Structure formats: C-alpha cells, structure tokens
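Residue-level structural notes
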Amino acid sequence: MAQNTRFPVTRRSLLAGGAAALAAPLAAPFVSRLARAQDPVNVGVVVPLSGANAQFGINSRNGIQLVADEINKAGGIKSLGGAPINLVVADSTSTPATAASVAQRMISQNQVVSVLGAFASSLTIAISEVTERRQLPLLTMSFSDIITGRGFKNVFQVVNKASTIGAAQFDYTMAIAKRLGVDASKVAILYEDTAYGTSQSEGLRKAAKDAGLDIVMDEAYPHGITDVTPLINKLRGSGAQMVFPVSYLNDSLLIIRTMRQQGLTIPAIGGAAGYVIPDFHKGLGELAEGVLSIAPANWDLAPDYTDRFRERFGYFMVHEALEHAVCMGVLREALEKSASRDPQAVREALATGTHNEGWSSVMTGDGVRFDETGLNANAFPVMVQWRDGELRTVHPAKVAKIEPIWSVKAG
Amino acid sequence: MTALLEVARLSARYGRGAPVLHEVALELGQGEFVTVIGANTAGKSTLLRAISGVGPAVEGSIRFDGRELTAVAPHARPKLGIAHVPEGRHVFPEMSVEENLAIGAHARGGAPGGGAAARLEAIFELFPRLRERRRQFGGTLSGGEQQMLAIGRGLMLEPRLLILDEPSLGLAPMIVEELHDRLVEIHRRGVAILLVEQNVSLALSVASRGYVLQSGSIVLEGPAGELLRDDRVREAYLGI
Amino acid sequence: MQLLQALVDGLLIGGVYGVVSIGLSLVFGVMNIVNFAHAAFLMLGMFVAWFAWAFLGLDPLLGAFLSFVLVFAFGCAVQQVLVRPILAAPQVAQIFLTVGLLIVLENAALMAFGADFRSVQTPYQTSAFRLGGIIVSKPYLYAFAMALLSGAAVWAFLERTAVGRAMRATAQDPMAATLMGIDTQRMHRLAFGVGVGLTAFGGAVILPYLTVSPTVGSHYVVLMFTAVVLGGLGSVAGAVVGGIAVGVIQSVSALVFPIQLQNLVLFVVFILVLALRPDGIVRRRGA
Amino acid sequence: MSALSLPKRCSALARPRALLLAALAAAAAIVPLFLDPQGYWVRVLTLTLIFAALGQAWNIVGGLANQISLGHAAYFGVGAYASTILLINFGLSPWIGLFVGMALAVVVALVLSVPTFRLKGHYFALATLAAGEALRVIANSWQGVTGGPVGLSVPFMPDSFWMMSYGAPRPFYWIALAALVLVTLVFWWIKSSALGYRLRAVKENEQAAEVVGVNTFRAKLWASLVSAAATAAIGVVYVQFTYFFDPDAVFGVATVSVRLALVAIVGGIGTVIGPVVGALVVVPLEELVNAALQGQVAGLSAFVYGAILIAVILVEPRGLVALFGRLRRGLGRRPGGAGEAGR
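No experiment lies behind these values; they were computed from the predicted model shown. (Residues numbered from 1 in each chain as written. Chains lettered and ligands numbered in written order. Predicted model: local features only at pLDDT ≥ 70, side-chain atom pairs only at ≥ 80, totals over all residues. Heavy atoms only, no water.)

Take the UniProt feature "domain: Leucine-binding protein" (unreviewed entry) in chain A next. What UniProt calls "domain: Leucine-binding protein" (unreviewed entry) maps, in this numbering, to residues 40-383 of chain A. The annotated region residues 40-383 of chain A carries 44% helix and 16% strand content, and the separation between its end C-alpha atoms amounts to 39 Å. (UniProt positions renumbered as here; feature names shortened; annotations may be inferred. Helix = DSSP H or I, 4+ residues; strand = E, 2+ residues; numbered from the N terminus.)

This is the structure:
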C-alpha cells in the first residue's frame, strides 16, 4: 500500500528499543524541554487509523504528510531558524474519549504547538475540549456546526459548516437544474443517522423549505445499514424527482445500485463523504458517470498542488486530504508569522489576517481567513460531478472547470 | 493366553484433590465376564472412565490385549475393541435410534452397509424394541429403551470388551432382569464384559468373577460365587 | 402489493442473513461458544472473493467457493491454536477471547488490505426481474439462491454423511461421542472451519451488491446474533428461519415505522422471543 | 431492604485486607500531586479509575452472581444523558443529576429484569447486549431530547465542585477515586452480606438455590439494581470528565459494555481487587500501545492491543488475579484447564 509511509522516528523512541518502547511515553516528562533553534516543531495529528473511518484517517494523514515533507524540503520554518516540522501522528480510534486522551498525550508529552484532525466530528469535538482548556490551536476539516458554535477560542475550521454544505447541496442543484432547464419540484432527502448525516441534512431541509419545494420523503436510516431496499421502495413510491442522499460509501453504493435495479432513474445528488472518493467510481463504474455531489473543496481547483499528491500516493487528492493539507499550510503560515513555538502566539497568528500562501491558497475562496468563531469565512462549497472517471468541479460558475450535465446512467 | 485387560498400579485424581483411585490392579481374561462392586463413591466409574480414557489423568498402566492404553487417545480406544456404555446412558437425544446405532458403524471406519447392516440386524434381534422404535429420537425413549440403545450402540463397535456402568440404574425390576438376560446373551456370543452395578446380587449372579472396590482400592477379589457368599460382601453390599 | 414486495425483499435478504448465521449457530452447537469474531470471517470471505474477482476475473458467486475453502482452512487453524485451549475455560473468558480475535482480524485485514472500500462490478448487479408489479433484484436473488444452496449442502452434510453425524453427536454429547470413537477435537476443528467457511461463502455471494472493508463485519454482528437467537442457538435450520425472520421484520417494519428504528424493532422482537421462548422459535434442544 | 440486611460479619480475616485497601486508596489519592495537573497521565489514571469503578459495579452482578451482562452501557448512558440534559436545560448540578440518573437506571434495570432474568449463560449475555443496543438506537433517534447522533457537550463552566466542572483532569481523579472506593465498599458489603450468600448460591446452582428456598429472582434483582445505579452514577462522572459524548460513546457495545466487563474479566471476576487490576492493565495498556506505535502502519496499535488481550486470556482464562496467585504458588498447572473430553 502506498499509504504505508513511515514517519520520522523520534529521538526518544530510537533510544528505547523493543519492549522498552512501551515505556517511552513514561520517560517524556524528563526529556529536556529546552528547544534549540533547529529543534523540530512538533505538530500533533490525531486521525482514525483503525475502525470504520480508517480510510479517511489515512487519506488525511497522507495530505498532512505531503505538506510537512514539502515544508521541510524547502528549509523548514524560516522564522524559527529553519526548524523542521515533526509530525506526531496517532490513532484516535473511533472513541471520543480516546481521541481526547491522545491529544492530551501529544500536548504534555510531545509539546506539540498545535493539533490537526480528527476527520469525524465527534472526535474533533472531544479533542477540542482538551485543546481549549490547554489553550492550544486545533485545526480541523470536520463539518459539524458545533465545532465553532461553542465560543471556543482555539479551534479553527477550514471548511464550511455542515448546515452550509447541506444548504449548498440543495441550492446549487436547483441552480444547475434551472440553468439546464430541468423540472424539479419534488425532492427526497435520505441520510444516515450519524452526526454528519443529521447535521448536513438539516441545512438541506431548511434550504428546500425556504425554496418552497415539496419534500416528499425525508428519512434517516441507521448507520451501517445492510439493505436499503425498504428505503428505495419508499423512495419509488414517493414520486420524488431527485434525491439527496447524505451517506458514506457503502450506503451510497447500495442506494445507487438499488435505485437502478428498481429502474429508478432520478438523479441522486450526493452529500460528499461516500460520493467523492475514488472507491465510488471504482465500485459503480459507468453508473457513477454524471453523479453530482456537493464537496467542501475539490482537487481540480488547484491541480498544480494536488497533482503532487496524486504522484506520490497514486490517487487523486480527495477532499479530506486536501483540507487537511490546507490545515497544515495555514499552520505553516501562522508559525512563520508568529516566529514562535508558543501555542498562544500561533493562535494569534492564525486568527489574524488572510492565509493565502502555498497550500493555504488551495482552499476555496482566495485563501483562508478565520472569523471570530474560528470558522473559515472565505470558504464556499462546490458542486462536483463524475465525468469520464474524474471528479470535476461544475458549480459555482466562477470556479467551475466544466459545464454540468443532467444525466442518469441506467444499469 | 494373555489377559484381555490388565490394569496395574492405576491411580487417578481430579485436579489437586485426593486420589479417587489408588494403585488399582485388575485383570480380565478373553471373553470373561467380570464385575466391580463397591459403594457409591468408591471410584468404580472413575475406573471405567480411566479404561476408556474419558476420566481424569491417571498414573499406572492399563494394557489391552497387550497394548498400553494410556498412550492411546480416548477416541482411538473404541477402534481397538473397547465399548464403554456410560452411566446415565448418554444416548444422543436428537438422533433417531438408527442414527444412534449408525454412529457405532462410523467408528469402525465403515459406512452403513455390509458388515454394519448385519450387526444392526443382530442388535435388532437382541433388542426387538429398538427395531420398533428405529425412527424415534433417542431423547424420547423410555429409560429402559435408552439403556438398550446405549448397549446396542456399543455393540455396533464390535467390541471385544464391553464396559457397562450401572446399566440398571433407575430402571424397573422387570426391565433390569431382561437387561441382564441380554448381557448374558452378549457374553455368550464371545464378548468380554466389565460390569459395574449397584445391584450387587444381580451382578454377582451373572458375572464369573468380581472385584470389590472401596475408597479407591481393590479390597477383595474372587469368583462371583465366593464373593456372593463372603460375609463382608453380604454385610456391606447386600444388607444381610 | 407493498406488503408483498416487502415480503419478497425480506425473504431474499433474510435468506442470506440466515446462511451467514448458520456457522455461528453450528459453532455454538458443537462447542458451546458464542463467537463474537464470527462476522470478521464474513469480511475475510468478502476479501477473498474480491481478490478472486480483481485478479482472476471470477464472479463472486463462483469466488465464493474459494472463499469457503480458504476461510475453512484458516478457521481450522484458529480453532486449533486459539479456541481449543479455552474450551474448558469460563464462559466470560471465551467471550473475550473472541472479542480479542475480532480486533485482531479487523486490524490485520486493515494492515494487509488497506482501508479502501472495495466492490466488484458484475453485469447483473443493477438489474432485476419484474413479476407483475413485484421487483426481484437479480443480485439479491442470486445471493439468496447460492445461500440456500450452501445451507442445503451443510444440512445434507450434517444429516446424510458419517462425518456430519459424528459432528452432531459431538454437539449432543461429547463424552458419548468420544466413547463411540469420534475424535471430538477434530470435530471441533471441522465445525469451526465449516462454520466460518460458510459465513465466508455468504460474504462472497453478497459482494455483488455490497462493498468490503476491514470493518464491514460489524454491520452484521447484531443481525447474526438476532438470527441465531430467534432460530434457537445451535440449530442449523433455525438459523435460516431466524435469518429470514430478521429480513422480513426489517423489511416489513419499514412500512410502518421509520427505517431509522428498524434495529430497535428487531431488538424488541429479539428480547421478547428470548423472554417467551428462550430456546428459539424453531425447536427445543433436547436434554 | 430485607435482602440487604447486614449480618454481624466483620470477621478478623476481613480486617487486615480492609486496612490494606484503605492504605492503597490513600496512596492512590496522593499520586496526582506528583503529576502535571493538566497532564496526560492524570487523565489516563482518571480513566483507569473510572473503568475500575465501572468494572467493580459490573462485578456485583457479573462476578457475584455470574450473570454476564453485556448491556451495562444501558445504565451508563442513562446516567450520562439524564444529568447532562438536566444540566443543559435547567442548569441543574450534575450531583443532583447523578441521583436522577441512578433512579432512571434503576427503572431501566427493573424493566429489563422481567425478560432477562429467566435466561441463562449465553442467552442472558445476548439479551443484555440487545438491550444496550436498543437504548443506543433510542438515544440516536430521539433527537429533540438527546441531541441525536450529534451528541451533547457539557457546558464550559468555571471550576466548581458544586457543578462538577473542572478545566484540569486532577479533581476528576479524586472524584473517580472516591467513586471507586465507594463502589468497592458496596461490592464488599454485598459480597459478605446475606445477599452475597444468596448470589453465590445462584452462581453455584440456581435450581438448587431455589429448592433450598433462596428467592433467586429477588437476589439477582437487588444486585442488578445496585449495579445499575452505580454504573449510572459513574456515567455522570465520566461525561463531566470527558465534556462531550454521543450515543456511541456512552451506549456503545465496544466502547462501554464490553470494555467494562473486560476490565473485570481481565482482572478476575468476583474478586474485590480484580476490576482494579483489570483496569490498571486494560486502560493504560491501550494508551501505551497507542503511544508506542503512534505513526506506524494504520491498524497496528489496535492489532497489538487485541493480540495482548488474547494472550492474557490464553495464559490465564480466570484473570490476572488468578495468574498472580498461580505465580505465587509457583505451580504451573491450572485446575480446570485443558482436558476437554469430559466437558
């Protein structure tokens, strides 16, 4: 596997060999805290490397690793005397309490200046409770509205909130339908009952209501559903003209395949996650062609950057990798600007101004600027579409790479 | 002629508990009918289980037909010609009578048919009730029928030694008598029998020789008739 | 009509649930062990079928046989090395051994195969037969047919062969089985191998409409337990009936309750059945 | 309360062990004074104490009566949700919420007792597993009350004992330690009371116990009510400590139910010290493995963790306490091990 890149071994774990490696974290408090100029800047990366979200965790790690390696190759953080970035990567598992423990460990044992992660909203929220109390910046691409909705001072969300993304999933679709002269007045919403599905569908629902549309079906289904036939039976009976599924990959494939089996050819406009990863196209092949999905960002908006990822890891830069790379890029700028290893100084630098150099510029909306809640005020979601096996940006027009089409491939 | 079964200095214990058998010695000739009598906790079942290998770990020696058994896996012993009909019958409750019997054929390495069919016929002749009940599940049989099935199942192994543990337990006196008639019949056909029986007088009346086991040790042995007349036996086990 | 459609869907999916649950029931019946890692073998079977499809071009319906063979062999080894030593241990230790095994297998798969969600493409996976107004999904129907076929094969094996009979004897009375010359340890190994192999087979035949990743088994754990408990732990036929019951409950309950609550409906039925008929709906195990 | 009437039993034998435990608790209480109050180790040790207390609460039914519950998350989650919902909506102190949570957990335990108490062995384990999952589904769907899958955040508040709110882990360490001591005392008390005697009878042979006149249903019910209440109370401490939870974090099978039973089992069920030993191994082990293997191949740390669990169970299926006993006696053989033919 291309992803199995090893990470720089820390000095400490080099000293401690074999079984003694287990004792290494114990020794940490006694390791000198004196930082010389060339000492690396430790950055914590907490992502799920096992369990159901492992793929997304690995993608995220790859994105961050790519940027960190580029920074180091280019001479590290110049304002810190060329100090290299040292990533401290750990498995958050899928348990919030473990994710929080891991973050705490990085802060007290590894003296990280900042934490990046943790893909899943529940994990990110749990981590933010620790980073907030330890006054340390947390950069994330999790969608949940709660993340920047609690008045926390040390959390920075580089993407839009779930409600914004959900609303865009609907609004953009309407705009495209109108432009292409498609009639769409009856819509259906299907979502998995996870934090992601629930909060994104809220934005979707509100936008549909605001537009005065007829929501003929609005149904949550259990995460990990093994048979969506009952769901599609309901959908078929509802008379919907289009469906907005918000789901991870397994469900998205089940939904599309079952729709086609039943001869249901209404378009499905995906809610990111399962719809915008390579496995979606690999799994559905031709059926994936023309499928639209909302996404917080897309690789083709900055191909000069994202091609480096494709080159190194062998697949296109999926959005979670891209946004985590942006987190790392933004952090680099803040480190340069603050010229400090003090987390609070870095936080100040993060909170001020627009970050638009290098990887920071890859995010939608001319660089990253955090508002007072820590939300990236510049970002906007994009509508993407599978075309000839590639995920292309088709909306909004100002960033679109190709024109959208309204087509549904039957099986 | 060497003995069929030769038990020497056999000791057994469960876990770290006190020994259940202590240096037991026992011998059984080819085609002989021997009984072991003793009180409830004397270790009779343990002795039988040691021979068939389903009991606790043992020390000492058990030779069958000149071959050391303690080194033979329990499931391999029936193939040597040992059939053990355990206390409580242990028929397979969710198998028909026929299937219960067919299990015996399996151990002999043959699919039903050929020799197995003839054996089955012989067993049905011996226990006509089993033929009537051939399609019934083992668990639904009466106690006496289950005992017949258990014995029949053992005979399917074509044993040279049939070990029986309390076959009359819980059965009506009439059935017990019938059962013992059958045992005599089986013995007459050339099968050696080692019988443990609570009904001491009955056991000594069918067997040719007997051993008395007390607290894990053999305390007395001799021809059945002698034992039946022995005062100590009469007092302890016959309540006379 | 809606009800009929729901019944058909429930039957098709339930047949598959049933067959993947047979192994769980078999292992319980023969060894008296509840195998929490059982679903991980489903995942392994799916991976084998996926690789057979990707590299040999084998349709998963055929790759299923390969899944069975490989996972059967692996299962025998697992039984020998890990399960056998704790057969006499307290029930809690057995439960947690299999929980540990689940963690190990999932993460071994993650390290070996990566976290990607893999799925196959077959010509029939998005088509269906139409009978009157009823839609019968082809991949579901094929999976159902293959599942029933393998279920019937196991049934025939258990009922009609000498080894199968010996296995049942071991389940019903291990001591008596030993006395009848049956190598019970071999039977345990075989039962475990067949049990997980069958689940792997079931995993392979559902691959045409699903995706496989290291954690896919977790979606089936609860379904499998529900199926075997509804059918009666240890009963092979019961597992199939229980599986079909689970499928039909899921599919019919969706007509009345929100789909989000389909598992809640299942759990309530599960607990009620246990409370009223602790030995399952199919039959009573003998003494 | 008749089942709980305390017999006149405070034997000479129990006293030195009580003193030893008191000394251990006192020593544990001063440990955090030597650690960074905001630090990682205080956090890990606090989680260890919380899981030790949970394992001990589980031990009351799992260990004393051998009722292997895999659904204790039901009580844990009910406590967590009850206190947090009251805190968020009414500003009610978690200390009061704790009692509400305990009361609700008792109600849940009462309801569950009806269908599950007749069940034996594996059936009981599976039924309780389903019960815990059922509550998870409810918490996940009942969005208006529970916040649904998005989860609940404990409001950020200044340090206050009354609101059980602290920015640093250290005070929670002491709260968790107090909880562990309390639950351990309850366990001990029950174990040596008439109820404990009855539970042992249930454990040995339920039918025989019935025959000699033990009301096994009542005995099991008392034990499970106490266990449920204790589990709920610790659930409150847990969420105040972790600040955030979602349905899976408090009602999950793997995250809670299996884990807290695992703590008791790895240590040795039915013993006073077992859950403590188990927690001291299970919780820090997971952290140490995660830390030692951080940044390695995805899945490796979880793999190693699982392999160690398997190894522990293979070496001594009755738990570490039994293993220590075996080592002390210097005996290699374990009674009741091996020997399958006569199972």
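All chains considered together, the criterion is met by 39 salt bridges over all chains. Across the salt bridge formed by Arg318 of chain D and Glu316 of chain D, the nearest N and O atoms sit 3.1 Å from each other. (Salt bridge = Lys/Arg side-chain N within 4 Å of Asp/Glu carboxyl O.)

Let us now look at the packing of helix α4 (residues 94-116) of chain D against helix α10 (residues 216-242) of chain D. Residues and elements named next belong to chain D. It is at 8 Å that the axes of α4 and α10 come closest, and there the two elements cross at 145°. For α4 against α10, the interelement crossing comes out right-handed. Within the contact between the two elements, α4 uses Pro94, Leu98, Gly101, Met102, Ala105, Val106, Ala109, Leu110 and Ser113 and α10 uses Phe217, Leu221, Ser224, Leu225, Ala228, Ala229, Ala232, Ala233, Val236 and Gln240. Of the residues contributing to the contact of α4 with α10, the split by class is 15 nonpolar, four polar and no charged. (Axes fitted to C-alpha atoms, helices over the stretch in contact; angles between N-to-C directions. Left-handed = near helix turned anticlockwise from the far one by under 90°. Contact = heavy atoms within 4.5 Å. Nonpolar A, V, L, I, M, F, W, Y, C, P; charged D, E, K, R; others polar.)

In this section: the interface of chain A and chain D. How large an interface is tends to be reported as the accessible area lost when its parts come together. Every contact between the two is made by 45 residues of chain A and, on the other side, 38 residues of chain D. Across the chain A to chain D interface the summed buried area is about 3500 Å²; carbon plus sulfur atoms make up 57%. In this structure, Asp36 of chain D engages Arg134 of chain A in a salt bridge whose closest nitrogen and oxygen atoms are separated by 3.9 Å. Between the two partners, chain A and chain D, sit ten residue pairs in polar contact (both at pLDDT 80 or more). Residue assignment for the side of chain A that touches chain D shows that the elements contributing at least two residues are α2 (24-27), α3 (54-73), β2 (85-91), α4 (96-110), α5 (121-133) and α7 (195-210) of chain A. Broken down by element, the residue count for the side of chain A that touches chain D peaks at eleven residues, all from α4 of chain A. Considered class by class, the residues forming the side of chain A that touches chain D number 20 nonpolar, 14 polar and eleven charged. (Buried area = accessible area lost by both parts, 1.4 Å probe. Polar contact = N/O pair within 3.5 Å; in protein donor to acceptor, adjacent residues only side chain to side chain.)

Attention now goes to α5 of chain A. In a regular helix each residue adds 1.5 Å, so 13 residues correspond to 18 Å; α5 of chain A covers 18 Å between its end C-alpha atoms and thus fits that length. Gln135 of chain A sits one or two positions beyond α5 of chain A and adopts a positive phi of about 55°. (Expected span 1.5 Å × (residues − 1).)

Residues and elements named next belong to chain B. Mapped onto the secondary structure, Arg89 falls in the loop between β6 (82-85) and α3 (97-107). Here Arg89 sits buried without a salt bridge, and the closest side chain of opposite charge, Glu87, lies 9.2 Å off (N-O distance). Polar contacts involving the side chain of Arg89 include one to the side chain of Gln146, which spans 3.4 Å. Beyond its immediate sequence surroundings of up to four residues, Arg89 is in contact with Gly143, Gln146, Gln147, Ala150, Arg153, Leu169 and Leu171. (Buried < 20%, exposed > 50% of the residue type's maximum accessible area, 1.4 Å probe, protein only. Lys, Arg positive; Asp, Glu negative; His and termini not counted.)

It is worth spelling out the sheet that holds strand β13 (residues 382-387) of chain A at this point. Pairing in this open sheet of four strands is mixed, and the strands run β9-β10-β13-β14 (chain A) from one edge to the other. In this open sheet, the two edge strands, each paired with only one partner strand, are β9 (269-270) and β14 (390-395) of chain A. (Pairing = 2+ DSSP bridges.)

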